[in-house]
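Fold and geometry: a report
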Amino acid sequence: MVTSAAKPPKTQHGSSVSSIVYPDDHPADTEPGELRVSVPRKVAILGSTGSIGKSALEVVKSHAGSLELSCISCHRQLDLFEQQCREYRPRIAVVTDECNPKTHRWLSQSSPESWHRAAGEEALIQAITGPEVDVVVAAIVGVAGLRSSLAAVEHGKRLALANKESLVVAGELLLAAAKKSCAEIIPVDSEHCAIFQALESVELVDRIILTASGGPLRDWPLEQLEKATIADALAHPTWSMGRKITVDSATMMNKALEVIEAHWLFGIPAEQIQVVIHPQSIIHSMVEYRDGSVIAQLSPPDMKLPIQYALTYPTRTQATAKRMDWNSPQALTWYPVDPQRYPALELGFEVARRRGTCGAVLNAANEAAVELFLQSKIRLTDIAKACRSVLHHHNFASNPSLEELLEQDLWARQEVMRWNNSLC
Ligand code: NAD
Ligand code: MG
């Protein structure tokens with residue numbers, strides 16, 4: 001079990017309480033690099049068939065002896081999942097899509113090794129909250145990852161958080177639950193991992209600077225954007241990721257969600273967060289201090305590094321991720337974001353300022369709109385328009401319960417359908 005106690009946060013705006021563990025926050029009776037956890041550390045990877053999930057499996061494999069695979073999950077893609085089960089041999093494998101007939105067939109197969117099969121979200125939650133798991137890699141895409149993220153922190157597990165939507169939708173609830181159980185939330189998102197590493201003390205921070213690649217359409221003429229096809233939006237220049245986050249990168253909704261994520265994780269007000277376009281994706285983000293010093297984290301774009309950091313923190317272990325090549329010339333550039341090209345970004349700042357139900361509504365509207373775009377029912381440029389309209393028409397509540405957030409999620413998805421129908 002992870003027994004590390006998270007210190008109370010060093011926030012600037014009082015009301016937000018982050019349970020993130022800062023780099024100097026190791027338990028009083030341990031040294032950095034020495035945690036009171038079981039060795040090997042037992043890892044659950046939720047969403048193992050996805051882009052982050054596959055990288056997480058590689059990281060665990062490359063740390064045999066210090067990390068051990070306890071549980072994996074997926075929703076569909078059962079052939080790949082079965083291969084992963086046979087290759088990586090978790091103790092338990094869970095398919096969350098329990099109503100699918102293919103899942104029933106998968107469940108009825110025999111397991112060649114000593115691993116168990118299970119189906120459904122409840123089975124997954126039971127698996128990750130038991131004593132066989134120390135760290136949960138939250139790599140499910142979308143709000144579908146929220147319940148498992150919450151359950152993990154409620155049970156004091158370290159949450160290696162890739163699923164930014166959990167924080168966007170229910171940041172306040174997730175942090176309160178983590179605070180109560182002394183669970184650690186360690187960011188896997190590369191920008192937040194960078195800030196986590198560069199952050200000495202929140203009180204001394206002037207601003208944090210999130211870098212954005214600008215996505216595949218950053219150099220397109222503005223008037224062409226509405227003609228972008230699915231293939232255009234999915235052709236990311238620097239990162240290979242799942243479809244939803246890749247479309248979010250094209251609209252820069254991904255950075256909007258990351259502004260909200262940073263606000264919750266680090267307790268930093270929206271006014272102290274800035275986004276710059278950095279096409280090379282080498283500087284993963286920066287912290288600017290009062291005195292003008294800027295501390296950045298650099299590495300080639302490879303998610304294995306932040307995943308490994310979240311799994312092995314506070315130690316730093318040998319990595320399989322690509323390294324910087326200091327013998328090759330490399331130019332690093334950045335420039336400001338054009339709000340006309342990326343209207344979604346402003347919505348993230350608005351949500352980080354207003355909080356309450358706004359995150360749940362923006363996230364759900366975006367998930368629904370991205371789905372419509374991927375079904376060729378709306379244009380890429382409609383995504384931000386739909387999200388803005390739904391966000392501005394929702395019934396705001398400042399202190400929502402989980403049930404209220406999930407109701408707002410449902411409402412926002414229906415509103416996007418109505419918005420789309422009104423266009424037809
Ligand atoms: P992906 O689409 O490649 O994989 C998603 C995984 O979630 C799959 O294993 C799938 O089976 C599972 N899943 C899908 N729907 C589900 C549902 N309803 N219930 C349970 N499981 C479900 O996505 P990804 O690119 O790996 O991203 C995963 C998360 O990590 C997202 O929140 C994303 O924003 C975040 N993230 C990804 C990257 C990246 O490089 N891919 C970087 C930073 C953050
Ligand atoms: Mg990111």
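The structure under discussion appears in the preceding block.
Because the structure is a prediction, the values reported are computed rather than measured. Per chain, the residues get numbers from 1 upward, laid out in the order the sequence is written. Here every chain gets a letter starting at A, and every ligand a number starting at 1, in the order they are written. With pLDDT at 70 or above as the cut-off, local features in this predicted model cover only qualifying residues; side-chain atom pairs require 80 or more to be listed or tallied, and sums for whole chains, interfaces and linings still use all residues.

**Here we look at the overall build of the protein**
Test applied: The numbering of helices and of strands both runs from the N terminus, where a helix is a DSSP run of H or I of at least 4 residues and a strand a run of E of at least 2. The atom set for the radius of gyration is the C-alpha atoms, and the globule formula is 2.2 Å times the number of residues raised to the power 0.38. Our exposure labels follow a C-beta count within 10 Å of each residue's own C-beta, placed from the backbone: buried means 20 or more other C-beta atoms, exposed means 12 or fewer, and partly exposed covers the counts in between. Each residue gets a C-beta atom placed from its backbone, and two residues are in contact if those atoms lie within 7 Å.
Across its full length, the protein carries 15 helices and twelve strands. The C-alpha radius of gyration of the protein comes to 21 Å, within 12% of the 22 Å expected for a compact globule of 424 residues. A principal-axis box enclosing the C-alpha atoms of the protein has dimensions of 55 × 55 × 50 Å. Residues classed as buried in the protein amount to 47% of the 424 residues present. Expressed as a percentage of contacts within the protein between residues at least 6 apart in sequence, the contacts between residues at least 24 apart total 72%.

**Digging into helix α4 (residues 121-129)**
Since the α-helix advances by 3.6 residues per turn, residues separated by three or four positions end up pointing in the same direction. Under the convention used in this document: What the arc covers is the set of directions going from the helix axis to the C-beta atoms.
Looking at α4, one finds that the buried residues are Leu-124, Ala-127 and Ile-128. For α4, the angular spread of the buried residues around the axis is 90°, confining them to a single face. On the buried face of α4, the contacting elements are β1 (41-46), β2 (67-74), β3 (92-95), β4 (116-119), β5 (135-138) and α5 (146-154).

**Concerning the sheet that holds β1**
Strands in a sheet are paired, the pairing made by backbone hydrogen bonds, and the direction either parallel or antiparallel. Stated precisely, the cut-off is as follows: In this scheme, strands are said to pair when DSSP sees at least two bridges between them. All axes are obtained by fitting lines to C-alpha atoms, using only the stretch in contact for helices, and the reported angles, taken between N-to-C directions, cover 0 to 180 degrees.
On the basis of which strands lie adjacent, the open sheet formed by seven strands has the order β4-β3-β2-β1-β5-β6-β7 and parallel pairing. On the outer flanks of this sheet lie β4 and β7 (185-187), each paired with one strand and no other. Each strand axis lies, on average, 20° off the axis of its neighbour in the sheet, ignoring direction. Strand direction decides the pairing type here: β1 and β5, joined by four bridges, are parallel. Residue pairing across strands places Ile-45 opposite Val-137, the latter belonging to β5. Its contacts with the sheet place helix α1 (residues 51-61) against β1, β2 and β5, and it is angled at close to 160° to β1.

**Some details on the site of ligand 1**
Threshold: Near, for a residue, is defined by distance from a backbone-placed C-beta atom to a molecule or strand, with 6 Å as the limit that must not be exceeded. The classification used treats Ala, Val, Leu, Ile, Met, Phe, Trp, Tyr, Cys and Pro as nonpolar, Asp, Glu, Lys and Arg as charged, and all other residues, Gly among them, as polar.
As a structural note, the neighbourhood of ligand 1 is formed by 27 residues, with Gly-47, Gly-50, Ala-144, Met-241 and Gly-242 the closest of them. For the shell around ligand 1, the secondary structure elements donating two or more residues are α1, α6 (164-181) and α9 (243-251). The element best represented in the shell around ligand 1 is α1, accounting for three residues. Among the residues making up the shell around ligand 1, the classes are represented as eleven nonpolar, eleven polar and five charged.

**Some thoughts on the packing of helix α13 (residues 358-374) against helix α15 (residues 402-423)**
Convention followed: Should an angle fall under 35 degrees it is called roughly parallel, over 145 degrees roughly antiparallel, and 65 to 115 degrees roughly perpendicular, with every other angle called oblique. Note on convention: the crossing is left-handed when the near helix lies turned anticlockwise from the far helix by less than a right angle, right-handed when the turn is clockwise.
Closest axis-to-axis distance for the α13/α15 pair is 8 Å, and the angle between their directions is 40°. With respect to each other, α13 and α15 are oriented oblique. Viewed along their axes, α13 and α15 form a crossing whose handedness is right-handed. Where α13 approaches α15, its residues Ala-360, Val-361, Ala-364, Ala-365, Ala-368, Ala-369 and Leu-372 are matched on the opposing element by Leu-405, Gln-408, Asp-409, Ala-412, Arg-413, Glu-415, Val-416 and Asn-420. A per-class count over the contact of α13 with α15 returns ten nonpolar, two polar and three charged.

**Re the environment of Ile-273**
By the element assignment, Ile-273 lies in strand β9 (residues 273-277). For Ile-273, a count of 21 C-beta atoms within 10 Å corresponds to the buried category. Residues Ile-273 and Ala-262, spaced eleven residues apart in sequence, show a C-alpha to C-alpha distance of 8.2 Å. If we ignore the near neighbours within four places in the chain, the residues touching Ile-273 are Arg-207, Ile-208, Leu-210, Val-259, Ala-262, His-263 and Ile-268.

**As for the sheet that holds strand β8 (residues 205-212)**
The five strands are arranged β11-β10-β8-β9-β12 in an open sheet whose pairing can be described as mixed. Unpaired on one side and paired on the other, β11 (294-298) and β12 (335-336) mark the two borders of the sheet. Strand direction decides the pairing type here: strand β10 (residues 283-289) and β11, joined by five bridges, are antiparallel. Bridge pairing links Ser-285 to Gln-297 in β11. Lying on the sheet, helix α7 (residues 190-198) is in contact with β8, β10 and β11; it crosses β10 at an angle near 40°.

**So, the packing of α6 against α15**
Pairs of packed helices are described in terms of their axes, by the angle between the two and the distance that separates them. The interhelical angle for the contact between α6 and α15, taken along N-to-C directions, is 175°, at an axis separation of 11 Å. The angle between α6 and α15 falls in the class roughly antiparallel. Here Val-169, Ala-170 and Leu-173 of α6 lie close against α15, whose contacting residues are Leu-402, Leu-405 and Asp-409. Along the lines of polarity and charge, the residues of the contact of α6 with α15 split into five nonpolar, no polar and one charged.

**Re the pairing of β8**
Taking burial as the measure, the eight residues of β8 include six buried ones, the bulk of the element. As defined by bridge partners, β8 adjoins β10 across five bridges and the pair is classed as antiparallel. Bridge pairing in β10 places Arg-207 opposite Glu-288. In the sheet, β8 pairs with β9 via five bridges, with the strands oriented parallel.

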